[in-house]
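Tertiary structure, described
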Amino acid sequence: MPNVPQPLLDDTDRAIVEVLSDDARITNQHLAERVGIAPSTALARVRSLIARGVVKGFHAEVDLAALGRPLQAMIAIRLAVHAREQIDSFTARVRALPGVLMVYHLTGVTDYLVWVAASDAQDLREFVVDHLATHPATAHAETSLIYEHRRGPGIWGAADPGAV
């Protein structure tokens, strides 16, 4: 990531981000009440947070088992070569694969962690073999099944965001 200046957030912005992080579907009226500002101010602040790139999107948390993909895994990938073209190509290719939930590009021994959802063990095996382990850029792939994952308390946790 390039070293770019981060947008400044005041206590009201932080409070809005905390509320939206907990419930992105909250109405503007309820958001304003929770933060203690006028609805028009809340709307303007949310629009500003979006325009400044602080709020990057609103997402639904989905039950993957209900969609026929109950098996989740983290696949650690080590690349054979670290040329810019291969990194960019590998990242773009993996992000486009069905079942990929997130792609993390890392430092250290592991170059990538790829979070995937599959229908069963055979589906996961075929995904790893067909798309990752046999990819020309891949030197090593190691799959770890996810038993359970839970969302954490967020960036500020239980603390007051203005006190951080």
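The structure we're discussing is the one just above.
Reading the values: rules and limits
- Residues numbered from 1 in each chain as written.
- Predicted model: local features only at pLDDT ≥ 70, side-chain atom pairs only at ≥ 80, totals over all residues.
- Heavy atoms only, no water.
- Salt bridge = Lys/Arg side-chain N within 4 Å of Asp/Glu carboxyl O.
- Helix = DSSP H or I, 4+ residues; strand = E, 2+ residues; numbered from the N terminus.
- Buried < 20%, exposed > 50% of the residue type's maximum accessible area, 1.4 Å probe, protein only.
- Pairing = 2+ DSSP bridges.
- Axes fitted to C-alpha atoms, helices over the stretch in contact; angles between N-to-C directions.
- Patch = residues over 30% accessible without salt bridge, like charges linked within 9 Å, V, L, I, M, F, W, Y side chains within 5 Å.
- Areas by Shrake-Rupley, 256 points an atom, 1.4 Å probe, with all protein chains shown as cover.
- Lys, Arg positive; Asp, Glu negative; His and termini not counted.
- Polar contact = N/O pair within 3.5 Å; in protein donor to acceptor, adjacent residues only side chain to side chain.
- Contact = heavy atoms within 4.5 Å.

Here we come to the pattern of salt bridges. If you walk through the whole model with that rule in mind, you get seven salt bridges. The closest approach of N and O atoms between Asp10 and Arg45, which form a salt bridge, is 2.9 Å. In this pair, Asp10 sits in the segment before helix H1 (11-22) while Arg45 sits in helix H3 (residues 39-51), placing the two residues 35 residues apart along the sequence. With a relative accessible area of 23%, Arg45 lands in the partly exposed category. Residues Arg52 and Asp13 are paired through a salt bridge, measuring 3.2 Å at the closest nitrogen-oxygen approach. Here Arg52, found in the loop between H3 and strand S1 (71-79), pairs with Asp13, found in helix H1; they are 39 residues apart in sequence, far enough to count as distant. When salt bridges with common partners are traced through the structure, they connect Asp10, Asp13, Arg45 and Arg52 into a single cluster.

This part covers the sheet that holds strand S2 (residues 100-105). Strand order in this open sheet of four strands is S2-S3-S1-S4, and the pairing throughout is antiparallel. At either end of the open sheet lies a strand with only one pairing partner, and these are S2 and strand S4 (138-146). When strand polarity is set aside, the average angle formed by the axes of neighbouring strands in this sheet is 20°. Of the pairings in the sheet, the one linking S2 to strand S3 (residues 112-118) comprises five bridges and is antiparallel in character.

A cluster of nonpolar side chains, namely Leu101, Met102, Tyr104 and Leu106, defines an oily patch on the protein surface of about 300 Å² accessible area. Relative to the elements of secondary structure, Leu101 occurs in strand S2.

What follows deals with the side chain of Asp111. By the secondary structure assignment, Asp111 is in the loop between S2 and S3. No salt bridge forms around the buried Asp111; measuring N to O, its nearest opposite-charge neighbour Arg78 is 6.2 Å away. From its side chain, Asp111 meets the backbone nitrogen of Leu79 in a polar contact 2.7 Å long. At a separation of 3.0 Å, a polar atom in the side chain of Asp111 contacts the side chain of His82. Filtering out sequence-adjacent residues up to four positions away, Asp111 remains in contact with Ile77, Arg78, Leu79, His82, Tyr104, His105 and Leu106.

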